[in-house]
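Fold and contact review
Residues per chain are reported as follows:
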There are 2 protein chains.
Amino acid sequence: MNLSRSFAFALTVLLTQQIQAQTMPAPETVRLDELKLMEGFPPPADKQVTAQNFLMQFPNLRWAFHHMRELLPSRNIRRGASAPSVLSVGEDLRARIDALNFVGPEGNDLTFGQYLEATYADATLIMKDGKVIYEAYHEGMPAENPHMLWSVTKSFAGLIATQLLEEGILKADALITDYVPELKGSGWSGATIQQLLNMTADIDYSEVYADQESDVVKYAMSAGMLPTPEDFAGERDLYSYLPTIPADGQHGERFIYRTVHTEVLGWVLRRATGKHLADLISERIWSKLGAEQDAYLLLDSKGTEWAGAGLNATLRDLGRFAEMLRLNGRFNGQQIIDSSVIASIREGADREAFKASGRDYQPGYSYRNKWWISHNADGAYEALGVHGQMIHVNPAVGLVVVRLSSHPVATSAVTFPITRPALAALADMLR
Amino acid sequence: MNLSRSFAFALTVLLTQQIQAQTMPAPETVRLDELKLMEGFPPPADKQVTAQNFLMQFPNLRWAFHHMRELLPSRNIRRGASAPSVLSVGEDLRARIDALNFVGPEGNDLTFGQYLEATYADATLIMKDGKVIYEAYHEGMPAENPHMLWSVTKSFAGLIATQLLEEGILKADALITDYVPELKGSGWSGATIQQLLNMTADIDYSEVYADQESDVVKYAMSAGMLPTPEDFAGERDLYSYLPTIPADGQHGERFIYRTVHTEVLGWVLRRATGKHLADLISERIWSKLGAEQDAYLLLDSKGTEWAGAGLNATLRDLGRFAEMLRLNGRFNGQQIIDSSVIASIREGADREAFKASGRDYQPGYSYRNKWWISHNADGAYEALGVHGQMIHVNPAVGLVVVRLSSHPVATSAVTFPITRPALAALADMLR
């Protein structure tokens, strides 16, 4: 089993390198404002983005990631009836930050502006001590469009789960199957809620985005992210698919990143509260932040939320969310999340267990309750999503960064090595 | 051709009667709050509503009509950033109105409350002289959920088209094919924009909701309203389907109600303005009304709006819209639609041409620019949608009524005969 895992990660690296070398178009050749996707009534056939082609037929995701609910069913995360909260505006440091120099992963000189372009950024928000110092919608992305967040969704689910742990509604050492008996015959049998939160429950499931044979493809087909081939014999919804995933090694020993853990967490949260995840996020976070726009979660064919991947929100509303985290749960005149919940997440998890993941590009990190904890001197932590989505909180510097991207390659292995030194340089500039 | 039309309408009546007699469950047996549709994670199989079963498998539409975007792709109609406008509250007349007596279509004594139940009302708003006197969410429909409006959508498209005529952006006597050359070989060849607006363009197309062989089924399948059978050979999107509809009689002679006319109008509006209908409604109406919630339009598989059927909005926001109409286009401190546009619609169209439609349950009516004009002494006019959707404006009495329903039978032939005397009694009570 260890062997197969090592092989899977070697394969990731190999495939990623191949993709980079062979098919990754340079950012300046696939600018959103020049692609003219979905323009015209109807658009030309080669500019038509659909639920079938948005993800696998690059560059379609450059348009799709800020139009997801035009392709797929969705559930609103209501902002509520109150007025939007004020996002304070500070000195506009965009020009200075874009010109900021740092040394890239290959020892090359780069600027922060080049970094954003190299990660196919659609929109970027930077706040320092609660004030917006950088707000950019690159290449014409509309500011009011919610953007696909992929695995940043997990961090929302994890934050709510941690709050429910604090309130005693959820028990860390309870079995997953206490909440979802349907999983008794599955790989999650015997695993605890905490193991689910830290992705140390062990299941026989591979998540290699660039491998068509990987289990993540079955997951994506069950959720409706990917079209199914004509002879598809797999499950066509999440509640049917999840119980089919078998056991692997010992629970609690290794962190291996698998989206289906968070789909199971979504199931647990719904069973524990009787509510959809969209309603939990709305009631507990979105309506209290004073968000400007409703957010939304994408759904499978049976109306089940993609709890591990389906969140869409606007840049500015994510800025409010990140500020709330930086302020230990307090924002818009109220304590939204308990400060003890933020503290618990920031503690992180077992860094030795993390090493098993093969994520050498995140040295020193751990993964706790669906958050990436850097354990660096600034106490920085992150929510990350494929294709370049990121919420970064640096409490020591009073810095939050939200970046929304439509990178052609899914895995963070491609974006993170350049993101790390870029964020370090930004923190040093602002500290 | 006339024969086939007469036959089609005779068939409608026959099928409607059959449906009423055989399969229409009594309202009290299908109460929304007792059906428990889509409750549970997952819901039991017989309570599962999907994009495939929501419309044809009653009572699923009782839940679906206020959750449409959870089933299908949708495009937001933004409310904008300003605060919601105030909906003034008057004396609560709900109890008095529910007890209001009138004589039903079969000479039977009824109350207004019984009328609402008999039309499977989900939510009802009544305003008198600008004040809410009746606001009800029946059987647990959530107030904040946008509700499916079906052909009320047409009246929004028609209102915008009339405003564009006023502004000279659209020309009433221009040919449809001047805007959409793709329709040159179709039934719309030679027809004008005004004929399209009044549904007097003549095409070989039948719209009989209860007939599985009717052309409206092909339309519904192309739009994604109905699932397609495995051997389906028809078009799977609106822009492919519309040009296939052939010519029939002489344009301009008869009003025959056909949804595809409004799908073509949607196409014309997009070509004339370069904008989606959702954006036109947002910019010209929704953002100016001070709506509480974003509305939305449902989309086909290629992202094309159902311009004839796909609008969803909340009860209170539709109240704002209806008030704006009653006030000749002025609401929320601004002139939203030109008063001349409202006046033009209220003029109505040729009442002789209307008689060809076989809609004996709307005596004296005409249909102008996608609005139903009663030509009664009060100058009342309406937007109507299948399954019981209605916006009714009575300028003489200062009355507006919005009713959202989930009636098991599509055609207004079932709801309108009871709606007419009910609204007349309400107007008499309030005048």
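Thresholds, definitions, all that
Residues numbered from 1 in each chain as written. Chains lettered and ligands numbered in written order. Predicted model: local features only at pLDDT ≥ 70, side-chain atom pairs only at ≥ 80, totals over all residues. Heavy atoms only, no water. Helix = DSSP H or I, 4+ residues; strand = E, 2+ residues; numbered from the N terminus. Rg over C-alpha atoms; globule rule 2.2 N^0.38 Å. Contact = heavy atoms within 4.5 Å. Areas by Shrake-Rupley, 256 points an atom, 1.4 Å probe, with all protein chains shown as cover. Lys, Arg positive; Asp, Glu negative; His and termini not counted. Charge placed at Lys NZ, Arg CZ, Asp CG, Glu CD. Pairing = 2+ DSSP bridges. Buried area = accessible area lost by both parts, 1.4 Å probe. Salt bridge = Lys/Arg side-chain N within 4 Å of Asp/Glu carboxyl O. Polar contact = N/O pair within 3.5 Å; in protein donor to acceptor, adjacent residues only side chain to side chain. Nonpolar A, V, L, I, M, F, W, Y, C, P; charged D, E, K, R; others polar. Axes fitted to C-alpha atoms, helices over the stretch in contact; angles between N-to-C directions. Parallel < 35°, antiparallel > 145°, perpendicular 65-115°, else oblique. UniProt positions renumbered as here; feature names shortened; annotations may be inferred. Domains from an automatic or database assignment.

Within chain A, the regular secondary structure consists of 16 helices and 15 strands. Here chain A has a C-alpha radius of gyration of 20 Å; the compact-globule value for 431 residues is 22 Å, and the two agree. In chain A, of all internal contacts separated by at least 6 residues, the share reaching a separation of at least 24 is 68%. Of the roughly 15,300 Å² of accessible surface on chain A, 50% is carried by carbon and sulfur atoms. Each charge sign in chain A was given a centre, from 39 positive and 51 negative side chains, and these centres are 5 Å apart.

This brings us to the pairing of strand 5 (residues 131-137) of chain A. All names here are of chain A. In terms of strand pairing, strand 4 (residues 121-128) meets strand 5 through six bridges, oriented antiparallel. Note that in strand 5 the partner of Ile126 across the bridge is Tyr134. Where strand 4 hands over to strand 5, the hairpin turn is made up of two residues, of which Asp129 adopts a positive phi near 50°.

Attention now moves to the interface of chain B and chain A. With 30 residues of chain B in contact, the opposing surface of chain A contributes 30 residues. Taken over both partners, the interface formed by chain B and chain A buries close to 2,500 Å², and the fraction arising from carbon and sulfur atoms is 51%. Interface area lost by chain B to chain A is led by Phe41, Glu70 and Arg78 of chain B, which between them contribute 29%. Seen at the junction of chain B and chain A, the total is two salt bridges. A salt bridge links Glu70 of chain A to Arg75 of chain B, with the nearest nitrogen and oxygen atoms 2.9 Å apart. The interface formed by chain B and chain A holds 14 residue pairs in polar contact (both at pLDDT 80 or more) in total. At the level of elements, strand 1 (74-77) and helix 11 (259-273) of chain B are the ones that each hand at least two residues to the side of chain B that touches chain A. For the side of chain B that touches chain A, the residue count by class is nine nonpolar, ten polar and eleven charged.

Here the focus is the packing of helix 6 (residues 152-167) of chain B against helix 12 (residues 277-289) of chain B. Residues and elements named next belong to chain B. Running from N to C, helix 6 and helix 12 cross one another at 70°; their axes reach a closest spacing of 11 Å. As far as their axial angle goes, helix 12 and helix 6 are roughly perpendicular. In this structure, helix 6 uses Phe156, Ala157, Leu159, Ile160, Gln163, Leu164 and Glu167 to contact helix 12, whose residues at the interface are Leu277, Leu280, Ile281, Arg284, Ile285 and Trp286. Tallied by class, the residues present in the contact of helix 6 with helix 12 amount to ten nonpolar, one polar and two charged.

Following the UniProt record, one finds the feature "domain: Beta-lactamase-related" (unreviewed entry) at residues 122-409 of chain A. In the segment residues 122-409 of chain A, helix accounts for 32% and strand for 18%; the C-alpha atoms at its two ends are 15 Å apart.

On to the environment of Gly358 of chain A, then. Structurally, the position occupied by Gly358 of chain A is in the loop between helix 15 (351-355) and strand 11 (366-368). Gly358 of chain A sits 103 residues away from Phe255 of chain A along the chain, and the two C-alpha atoms are 9.5 Å apart.

As a further point, take the domain arrangement of chain A. All names here are of chain A. Taken domain by domain, chain A comprises domain 1 (74-147 + 276-430) and domain 2 (164-261). Taken over C-alpha atoms, the centre of domain 1 sits 25 Å from the centre of domain 2. With 27 residues of domain 1 in contact, the opposing surface of domain 2 contributes 26 residues. Between domain 1 and domain 2 the total buried area reaches about 2,100 Å² when both faces are included, carbon and sulfur atoms providing 59% of it. For domain 1, the biggest contributors to the area lost against domain 2 are Trp306, Tyr367 and Lys370; these three give 23% of the whole. Between the two partners, domain 1 and domain 2, sit two salt bridges. A salt bridge links Glu167 to Arg284; the nearest nitrogen and oxygen atoms lie 2.9 Å apart.

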